[in-house]
Amino acid sequence: MDSEHIIQLEHVTKKFPVGDGRHFTALKDINLTFDKAEFAGLVGPSGSGKTTLLNIIGSLDSPTEGKAMVLGKNIAELSHKESAHLRNIHIGFIFQVYNLLPVYTVFENVEFALLLQNIGESERKKAAMEALEWVGLQDLADKKPDKISGGEGQRVAIARAIVKRPSIMLADEPTANLDAKNAHQIMKILKGLNKELDTTFLFSTHDEKVMQYLDRTISLRDGKVEKDKTTNESNKLS
Amino acid sequence: MIRFLLKGILRDKSRSLLPIIVVSLGVALTVFYSGFLEGVMGDIIRQNARFETGHVKVITKAYGKNKDQLPIDLALLDVNSLVQSLENQFSDMDWVKRIRFGGLIDVPDENGETKGQRPATGLALELFSEQSKEAERLDIQNALVSGSIPDESGEALVSYEFADKMDVQIGDEITYFGSTMYGSMALTNFTVSGTIRFGIAAMDQGALIVDISDAQKMLDMQDGSTEILGFLSSGVYDNEVATNVMENFNAKYADSSDEFASVMVRLRDQNNLAGMLDYVDLASGLFIGIFVLAMSVVLWNTGLIAGLRRYKEFGIRLALGEAKGEIYRSMIYEAVLIGVIGSVFGTAIGLGLTYYMQTVGLDIGQFLDNAGVMMPITMRAKITPSLFYIGFIPGLLAMVFGNMLAGFGIYKRETATLFKELEV
Ligand SMILES: Nc1ncnc2c1ncn2[C@@H]1O[C@H](COP(=O)(O)OP(=O)(O)OP(=O)(O)O)[C@@H](O)[C@H]1O
Ligand SMILES: [Mg+2]
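Notes on the structure follow.

## Side note on the overall build of chain B
Secondary structure assignment for chain B yields 16 helices and 12 strands. Along the longest, intermediate and shortest principal axes, the C-alpha atoms of chain B span 100 × 50 × 30 Å. Within the span of chain B, comprising 424 residues, buried residues form 53% of the whole. Here chain B has roughly 19,500 Å² of accessible surface; of this, 57% comes from carbon and sulfur atoms. Taking the average location of the 35 positive side-chain charges in chain B and that of its 51 negative ones, the two points are 19 Å from each other.

## Brief notes about the interface of chain B and chain A
With 26 residues of chain B in contact, the opposing surface of chain A contributes 27 residues. For the pair chain B and chain A, the two sides together bury roughly 2,600 Å², of which 65% comes from carbon and sulfur. When the buried surface of chain B facing chain A is broken down by residue, Phe-4, Arg-11 and Leu-320 of chain B rank first, second and third, together holding 28% of it. Counting every contact that joins chain B to chain A gives three salt bridges. Measuring nitrogen to oxygen at the nearest pair gives 2.9 Å for the salt bridge that ties Glu-108 of chain A to Lys-7 of chain B. At the surface where chain B touches chain A, the tally comes to six residue pairs in polar contact (both at pLDDT 80 or more). When contributions to the side of chain B that touches chain A are tallied by element, the ones reaching two or more residues are helix H1 (2-11), helix H12 (311-320) and helix H16 (415-421) of chain B. By residue number, the principal contributor to the side of chain B that touches chain A is H12 of chain B, which donates seven residues.

## Some thoughts on the sheet that holds strand S4 (residues 65-70) of chain A
Residue and element names in this part refer to chain A. Ordered in space as S2-S1-S4-S5, the four strands form an open sheet in which the pairing is antiparallel. The open sheet has two free edges, formed respectively by strand S2 (23-34) and strand S5 (73-74), since each of these has just one partner strand. Of the pairings in the sheet, the one linking strand S1 (residues 7-17) to S4 comprises five bridges and is antiparallel in character. Directly across from Thr-13, in S4, lies its bridge partner Glu-65.

## What to know about the site of ligand 1
What surrounds ligand 1 is a group of 14 residues, the closest being Ser-46, Gly-47, Lys-50, Thr-51 and Thr-52 of chain A. Surrounding ligand 1 are residues belonging to chains A and B, so the site spans chains. Gly-49 of chain A has a polar backbone atom sitting 3.0 Å from an oxygen atom of ligand 1. In this structure, an oxygen atom belonging to ligand 1 sits 2.5 Å away from a side-chain N or O atom of Thr-52 of chain A. In the complex, 67% of the free accessible area of ligand 1, which totals 640 Å², lies under the protein chains. Breaking the shell around ligand 1 down by element, the ones donating at least two residues are S2 and helix H1 (50-57) of chain A.

## So, the side chain of Thr-243 of chain B
Residues and elements named next belong to chain B. Mapped onto the elements of the fold, Thr-243 is located in helix H10 (residues 239-251). According to the relative accessible area criterion, Thr-243 is buried, its value standing at 15%. Looking at Thr-243, its side chain comes within polar contact range of the side chain of Arg-266, at 2.8 Å.

## Section: the packing of H1 of chain B against helix H2 (residues 13-53) of chain B
Residues and elements named next belong to chain B. Taken N-terminus to C-terminus, the directions of H1 and H2 make an angle of 80°; their axes are 5 Å apart at the nearest point. Viewed along their axes, H1 and H2 adopt a mutual orientation that is roughly perpendicular. Where H1 abuts H2, its residues Gly-8, Ile-9, Leu-10 and Arg-11 lie against Lys-13, Arg-15 and Ser-16. Looking at the contact of H1 with H2 residue by residue, the class counts come to two nonpolar, two polar and three charged.

## Points about the packing of helix H13 (residues 324-359) of chain B against helix H15 (residues 392-412) of chain B
Residues and elements named next belong to chain B. Running from amino to carboxyl end, H13 crosses H15 at an angle of 155°, the nearest separation of the two axes being 8 Å. Taken together, the axis directions place H13 and H15 in an arrangement best described as roughly antiparallel. Crossing geometry of H13 relative to H15 is assigned as right-handed. Taken together, the residues that form the contact of H13 with H15 break down as 16 nonpolar, seven polar and two charged.

## Looking at H1 of chain A
Summarising burial for H1 of chain A: seven of the eight residues are buried, a large majority. If you check which residues of H1 of chain A are buried, you get Lys-50, Thr-52, Leu-53, Leu-54, Asn-55, Ile-56 and Ile-57 of chain A.

## A short note on the packing of aromatic side chains
Residue and element names in this part refer to chain A. Using the criterion set out here, one finds 13 aromatic pairs over all chains in the structure. Judged by centre distance (5.1 Å) and plane angle (65°), the rings of Phe-39 and Phe-203 are edge-to-face. Of this pair, Phe-39 sits in strand S3 (residues 39-43) while Phe-203 sits in strand S8 (residues 200-205), placing them 164 residues apart in sequence. The burial state of Phe-39 is the same as that of Phe-203; both residues are buried. Seen in terms of ring centroids, Phe-201 and Phe-203 are 5.9 Å apart; in terms of plane orientation they differ by 20°. Their pairing is stacked.

The rules behind each value
- Residues numbered from 1 in each chain as written.
- Chains lettered and ligands numbered in written order.
- Predicted model: local features only at pLDDT ≥ 70, side-chain atom pairs only at ≥ 80, totals over all residues.
- Heavy atoms only, no water.
- Helix = DSSP H or I, 4+ residues; strand = E, 2+ residues; numbered from the N terminus.
- Buried < 20%, exposed > 50% of the residue type's maximum accessible area, 1.4 Å probe, protein only.
- Areas by Shrake-Rupley, 256 points an atom, 1.4 Å probe, with all protein chains shown as cover.
- Lys, Arg positive; Asp, Glu negative; His and termini not counted.
- Charge placed at Lys NZ, Arg CZ, Asp CG, Glu CD.
- Contact = heavy atoms within 4.5 Å.
- Buried area = accessible area lost by both parts, 1.4 Å probe.
- Salt bridge = Lys/Arg side-chain N within 4 Å of Asp/Glu carboxyl O.
- Polar contact = N/O pair within 3.5 Å; in protein donor to acceptor, adjacent residues only side chain to side chain.
- Pairing = 2+ DSSP bridges.
- Near = heavy atom within 4 Å.
- Axes fitted to C-alpha atoms, helices over the stretch in contact; angles between N-to-C directions.
- Parallel < 35°, antiparallel > 145°, perpendicular 65-115°, else oblique.
- Nonpolar A, V, L, I, M, F, W, Y, C, P; charged D, E, K, R; others polar.
- Left-handed = near helix turned anticlockwise from the far one by under 90°.
- Phe/Tyr/Trp six-rings, centres within 6.5 Å; stacked < 30°, edge-to-face > 60°.

The structure is reproduced here in structure tokens:
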């Protein structure tokens, strides 16, 4: 096995039980690898298996067959604790709905990710503020999530995901709830972080606006890889 | 982390307010109930000890069998030497002689004709002796409505109620009619030196209190008394110590078939106090148990509802890298925090109520008109050290238990299923 790959999927199949002993196969024999600093996306119609694949890579779920290696760890073999640890340290999630904890301030939401890593207070505060600066929201630090806009909320979610400097960022339709202007702003921020921190990004999206930023586009259909295309080679090299 | 959780609890009122109110209420009730029970039962036991049972009591076997009739013919004799030997054997205890007797009290008018007559229960105490603590023990000084404690032979205290009904004034003569220890007629005049009200139904109806030397003379009971009471040096009834003393004493007379042999009984075995003593322990245990259960059910439900509302939060935290076990554990921490906050409030409220009932009390005099029981007329709660922590038991248990049940659904499910259900 080539351990250079940050993510390596071999014959990954995911079946969901649908009652009566029958199964629905959401992913069929997926073979993909992702490397450090990639900026890739999964596209495809609804139900094609994008979220299922992201959840497996994020160790929130495991494959029924095949092998999913993430940062050298076999997802299927991780205990609850180990998979939580993997997410905690190495994986950042961004969701369609910018899920912030409503009782905590913007700053505390970002800080929370580091709290889970038992990082000391002064270092935590410094890193959280820095992450907010990356997304340009240092001025909103003390606001509660219900007092900021949707675009700002998604930027806070990005700051929270990136503050721990994960190796992998998984973004499931991050722009679906945003207008064009905010969507572009978010994508520019993410692309910038990708360059600056060498983080591997993996999106799931329907959104043309997202696709135009991707360096690699993987089309899924009925749980299978239909196309795997390096799109923005020039962009990536620049 | 705890600080973070605490922040969350305090900011999200809808998450914390209801459980805190439920816990506070339950804890307040528990504290108050315990305080009330301790106060009332403690008073009853203390009063019984002071007025009737002592912590232990020596009588004759025969007297014990017929004690309701106040059978002075079955009294102890040679009591001075008996007291002496008790004092030698149990030197840290206080031993006192008392005589209980029944009879009639006749109140004459200025011509010496009978103005009225009433049955009375008499109590003879060591009032004159210098080292006797009896007046203090019965708190006679405070119970005096008028006049003073007898300090010479021929003086008596009568209950205020009696004096009021019979129109007896301080300094008036009254006559006691009864029989002596040997069955002949006893007739003695006393001068009323004071009137008393103890606030105890059994003592306040028709009581005559005289010094023991006067009673011995009047009842022809040379060196005799109906009972010898022993009081532990701590002043508080301790069943273990009392049992020990009793067993030691009784061992000497174990195989005596003599009817008039002396026997010791402890407080627990008199006036049905065993039931009461056991009831105190049982009732508080039961009460706390019931509260833990009832509150757990309520808190389980509030926990479930709060949990549903927080599914999104749990999903975020799963994604951020908390294992579901950790999330479950943090829910329990939160429950402990809320339990502590609620218990602190509840204990404060409970102590407030208890303090009120300790100072003001509840007058139950009208229900005790004919009661022969040794019951205080005013029921009072009592603040004891245990009240400061006892409420934390149901408060914490119920909160933690309720939330463990509520969170169990989360704990049991697969992370992936959970995550999907959370609809992140
Ligand atoms: N737990 C499950 N049990 C049964 N079927 C499931 C389960 N999770 C997903 N599926 C099915 O698997 C298929 C793939 O779902 P998935 O969520 O990965 O699609 P998606 O590509 O993310 O779609 P969308 O673009 O709508 O988000 C769908 O048909 C879905 O109904
Ligand atoms: Mg999806």
